[in-house]
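One-letter residues, chain by chain:
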Amino acid sequence: MLDYGGKTTWTGVAGQIVPAKGYFVVLGTKKGSYPDSQNMMSQGLSANNANVNLTLFDPDGATIDYYEKAEDLNSSTTLKGKVHQRIPDGGTWYYTEPAIASKGAANPASDDVEGVLEPMAAMEITFTVTIESVTPSVVTPDDDVVIVAKVVNDKAITSVVLKWTKDGAAQADVDITAAKEGNNYTATIAKQADGTVVEYTIEATDETGAKASKSGEYTVAVIDADYTQLVLNEINGTGQPEAGTGDVNAYKYYELYNKSAVEIPLLGVKIYYDNGTKNLTWTGTANDVIPANGYFIVMGRTSANPAGVLLTGLSANSSIECSLEDPLGTLLDKFTKVTDTSTTTDENQCFQRIPNGTGNWYYTPVADNTKGTVNPSAVGSYKQITPAPWFGSFTKTPTSPTADDDVTVKVTVTTPAGESVGEVILYTTINSVTTNSAMSLVGANYEGVIAKQAAGETVSFYVVAKLVSDPTLNYSTSKTDNVTFTAGGAPTIDYTKLVLNEIDGNSKAVELYNSGTVAISLLGVTLWKNVVTAPSGTSWWTGTEDSGSIAPGAYVIIVQTGQRPGGVTYDVPGFIGRNGISTSQKVKFELLDPSEVSLGVFQRGDYPWGDSNSATNIAPNSFQRIPNATGDWKMAAPTNEAANAATGDDIPL
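No experiment lies behind these values; they were computed from the predicted model shown.

S.K.: For this particular structure, what's the right way to read the overall build of the chain?
M.R.: Helices and strands together make up the secondary structure of the chain, namely 0 helices and 48 strands. Within the chain, the proportion of its 653 residues that are buried is 43%. In the chain, 58% of the contacts between residues at least 6 apart in sequence involve partners at least 24 apart. Entry remark: accessible area of the chain is about 31400 Å², with carbon and sulfur atoms responsible for 50%.

S.K.: Which parts of the structure should I look at to understand the environment of valine 113?
M.R.: Among the secondary structure elements, valine 113 is positioned in the loop between strand E6 (92-96) and strand E7 (116-119). A residue is classified by how much of its surface remains accessible, and valine 113, at 35% relative accessible area, is partly exposed.

S.K.: What is the right way to look at the pairing of strand E16 (residues 211-219) in this model?
M.R.: The pairing of strand E15 (residues 197-206) with E16 spans 9 bridges and is antiparallel. Residue glutamate 199 lies in a different strand from E16, and its bridge partner there is glutamate 217.

S.K.: How do you make sense of the nonpolar core when you look at a structure like this?
M.R.: One broad rule of soluble globular proteins: the nonpolar side chains tend to lie buried together. The biggest cluster of nonpolar side chains holds 30 residues, and the ones touching the most others in it are Leu498, Leu500, Leu512, Leu522, Leu527 and Phe589. With 4 residues, strand E43 (residues 555-560) is the largest single contributor of residues to this core. Those residues within four positions of leucine 522 in sequence are excluded, and the remaining contacts are Leu498, Leu512, Trp541, Gly543, Thr544, Ser547, Gly548, Ser549, Ile550, Val556 and Phe575. Membership of the second largest hydrophobic core comes to 25 residues, among which are Tyr227, Leu230, Val298 and Trp361.

S.K.: Mind showing me how you'd approach the side chain of lysine 270 here?
M.R.: Note that lysine 270 resides in strand E20 (residues 270-274). With no salt bridge to any partner, buried lysine 270 finds its closest opposite charge in glutamate 325, at an N-O distance of 6.5 Å. Once residues within four sequence positions are removed from consideration, lysine 270 is found in contact with Ser137, Leu280, Trp282, Thr283, Ser323, Leu324, Glu325 and Pro327.

S.K.: Looking at this structure, how should I read the environment of glutamate 641?
M.R.: Checked against the element boundaries, glutamate 641 lands in the segment after strand E48 (632-636). Separated by 128 residues in sequence, glutamate 641 and tyrosine 513 have C-alpha atoms that sit 8.5 Å apart. Non-local contacts of glutamate 641, meaning those with residues more than four positions away in its chain, are made with Glu511, Tyr555 and Ile557.

S.K.: I'm lost on the sheet that holds strand E38 (residues 509-514) in this one. Help?
M.R.: By way of backbone hydrogen bonds, the strands of a sheet pair with one another, either parallel or antiparallel. Strand order in this open sheet of 6 strands is E44-E43-E38-E37-E47-E48, and the pairing throughout is mixed. On the outer flanks of this sheet lie strand E44 (576-577) and E48, each paired with one strand and no other. As paired strands, strand E37 (residues 498-504) and strand E47 (residues 622-626) are joined by 2 bridges and run antiparallel to one another. Its bridge partner lying in E47, isoleucine 503 is registered against phenylalanine 623.

S.K.: Looking at this structure, I do not really get the confidence of the model for the chain. What am I missing?
M.R.: Low pLDDT marks stretches whose predicted atomic positions should not be read closely. Taken over all residues, the pLDDT of the chain has a mean of 83, while the share at 70 or more is 85%. The low-confidence segment residues 31-37, where pLDDT is below 50, has 4 contacts with residues more than four positions distant or belonging to other chains.

S.K.: Explain the sheet that holds strand E9 (residues 145-152) here, please?
M.R.: Spatially, E8-E9-E14-E13 is the arrangement adopted by the 4 strands of the open sheet, whose pairing is antiparallel. At either margin of the open sheet sits one strand with a lone partner, and together these are strand E8 (128-135) and strand E13 (180-181). Relative to strand E14 (residues 184-189), E9 runs antiparallel, the two being bridged by 6 bridges. Counterpart to lysine 150 in the pairing with E14 is asparagine 184.

S.K.: Looking at this structure, how should I read the pattern of salt bridges?
M.R.: Oppositely charged side chains can pair when the atoms bearing their charge come close. Under the counting rule described, the total for this entry stands at 7 salt bridges. Taking the shortest distance from any N to any O, the salt bridge between glutamate 97 and lysine 82 comes out at 2.8 Å. Remark: lysine 82 occurs in the loop between strand E4 (63-69) and strand E5 (83-87) and glutamate 97 occurs in the loop between E6 and E7; sequence separation between them is 15 residues. When its relative accessible area of 27% is taken as the criterion, glutamate 97 is described as partly exposed. Take lysine 82: its relative accessible area is 15%, and that puts it in the buried class. For lysine 211, the salt bridge is made with glutamate 203, and the minimal N-O distance between the two is 4.0 Å.

S.K.: Help me understand the pairing of strand E18 (residues 253-258) in this model?
M.R.: Moving residue by residue along a regular strand, the side chains alternate between the two faces of the sheet. Judged by how many residues are buried, E18 sits mostly within the fold: 6 of 6 residues are covered. Side chains of E18 alternate between two faces, with Tyr253, Glu255 and Tyr257 and Tyr254, Leu256 and Asn258 buried alike. Relative to E18, strand E17 (residues 230-236) runs antiparallel, the two sharing 6 bridges. Following the sheet pairing, leucine 232 is matched in E18 by leucine 256. Sheet analysis places E18 next to strand E23 (residues 295-299), joined by 5 bridges and oriented antiparallel. In the strand pairing of E23, glutamate 255 is matched with isoleucine 297.

S.K.: I keep staring at the packing of aromatic side chains and nothing clicks. Help me out?
M.R.: How two aromatic rings sit relative to each other is given by the distance of their centres and the angle of their planes. The tally for this structure, following the rule as stated, stands at 13 aromatic pairs. Ring plane angle 90° and centroid distance 5.2 Å describe the contact between tryptophan 540 and phenylalanine 589, whose orientation is recorded as edge-to-face. Remark: phenylalanine 589 occurs in strand E45 (residues 587-592) and tryptophan 540 occurs in the loop between strand E40 (526-529) and strand E41 (541-542); sequence separation between them is 49 residues. Comparing tryptophan 540 with phenylalanine 589, the two get one shared label, buried. Grouped by ring-pair contacts, the aromatic residues Phe335, Phe351, Trp361 and Tyr363 constitute a single cluster.

S.K.: Honestly, unusual backbone geometry in this entry has me stumped. Any pointers?
M.R.: Most peptide bonds take the trans configuration, and most residues that are not glycine carry a negative phi. With an omega of 0°, the peptide bond between threonine 135 and proline 136 qualifies as cis. Relative to the elements of secondary structure, proline 136 occurs in the loop between E8 and E9. Cis geometry is adopted by the peptide bond preceding proline 620, which originates at alanine 619 and carries an omega value of 5°. Topologically, proline 620 is positioned in the loop between strand E46 (598-604) and E47. Positioned with a positive phi, asparagine 293 is a non-glycine residue whose angle comes to about 50°. Among the structural elements, asparagine 293 can be located in the loop between strand E22 (289-290) and E23. Phi angles above zero are rare outside glycine, and glutamate 641 is one such case at about 65°.

S.K.: Sorry, what's going on with the environment of serine 213 here?
M.R.: Mapped onto the fold, serine 213 is located in strand E16. Sequence spacing of serine 213 and valine 151 is 62 residues, and the spatial spacing of their C-alpha atoms is 8.9 Å. Once residues within four sequence positions are removed from consideration, serine 213 is found in contact with Val129, Thr201, Ile202 and Glu203.

Rules and cut-offs
Residues numbered from 1 in each chain as written. Predicted model: local features only at pLDDT ≥ 70, side-chain atom pairs only at ≥ 80, totals over all residues. Heavy atoms only, no water. Helix = DSSP H or I, 4+ residues; strand = E, 2+ residues; numbered from the N terminus. Buried < 20%, exposed > 50% of the residue type's maximum accessible area, 1.4 Å probe, protein only. Contact = heavy atoms within 4.5 Å. Areas by Shrake-Rupley, 256 points an atom, 1.4 Å probe, with all protein chains shown as cover. Pairing = 2+ DSSP bridges. Core = buried A, V, L, I, M, F, W, Y, C linked by side-chain atoms within 4.5 Å. Lys, Arg positive; Asp, Glu negative; His and termini not counted. Salt bridge = Lys/Arg side-chain N within 4 Å of Asp/Glu carboxyl O. pLDDT = per-residue confidence, 0-100. Phe/Tyr/Trp six-rings, centres within 6.5 Å; stacked < 30°, edge-to-face > 60°.

Following this line, the structure appears as structure tokens:
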């Protein structure tokens, strides 16, 4: 996954592979004629803008690599519009002339090449902790509170701790280092009494002892408001271009109406805007209150209205869903407009409930908007918006099917008052051929089945619902997905039989041994060098498709990049590691299976390890398990790709 400026701009999909010692190109959005849009970023990319940053994450969300350019090149500088390349491949970042760009091929091997201009500023990820979510957003005495914090650093994280107070009194620290998924760490604070003020800090420490933290607080309160009296009352998605900028989001708004005779606090109330995915566009704060029988306006956020709070775009023309939820996530109201009105006389309309607060939705001219006041009492020439059902929960089981699995799709469908569901249809597309089948009502869900498919097959699907009152209309807003089938019936791999067996600083090789009776796939197996807690940062070696399997009783060696044992370059795809194996250093290697379970550790000396920390040179010996595969680490004459020595000597520091 690629993150650009804090937003995901590209995510790898099934079938996309980077070949061994090869390249994979992700193009800029809507540029060129690349045949697969899944190889394009969702955002533009500029060589000139200030503070351009890209972060590469693994599938679990852990940082793999990063790029940051702080300089603003929108000036007369000679570096404006240049390419940025690592020289050599994987090395230091440089500014280069576009003429020597090497998309999909090797970068220049040296900076002593015409067209290489100058090195870029050194890049380091700033050690940060951010609070990704606090659930629930409004805390009652019945709620445990779950805090998810994101820790970003280019060094190994050794500890993450929750520190918190209750009404100012310090509580015991909670170690959440192990509660990790990717870069995210999860802490839970147990339910507290009404009125309790909780202050919390998530503090992370890295391998150098540096610390970063982020704090927050919440107050526990009983929710006693009658949120059922809140409705969406008027929506203006047309807006008006703001003076000077032409920003068409200016003056767009949602209007809420309180049907009750008492004011309602809006803290934690949410509005979602769904144009294909459910996007949170507004959350009420402690300062937001809607008066009795009154109105509350959520305005658009524009350059002329920086205090606006509408976070997501809103359109009068597109097919949209807008939903209102109370602080506990209960659906209070929903507006759905299925027809795309961009080519009809309905374009540039407001949407209003007539009569105010209780009636059906109508298209009304923008000039007739009643923002903050009662809606028109008569329909007149206004056109009613066709009532539409909406989808609730949407699941597929199993989420990661094999070739042995049928996939069950389930969806709930809710209709407006006075309407009922006619039928719900599951459409599936396989190899560009689309078929459909009726879904059956089972309990509260409509269910349909996608038949098992061959391994590697991807099926895209979507759900359509029809009303009894108007069976010609289809509604499929946001209910689309796909599923990829993997190989089924494969035996479980016993990775405990895979042994980290020898480390040789002479041939610069790490040896693995299969002590079991069946072959072990090396795909996804990783080696980590000089990492306090693996996985962290970038692996020294990761098994690929080219690595294949290791036969029972067999040995394989992984040689550091560029090594030439016997004067011949070692160039075996799938078995090239990074560098830094030595007979005279303190060093640590750890072997992990694909699910990140440790299979063995070799450690010489204590942290820190590396080039600057010399140790006794054991050449010409290597580090070996003696007896072979089962014993302690000793030093003896190298036995690459063969059984280790029968005896050995203790390893000196």
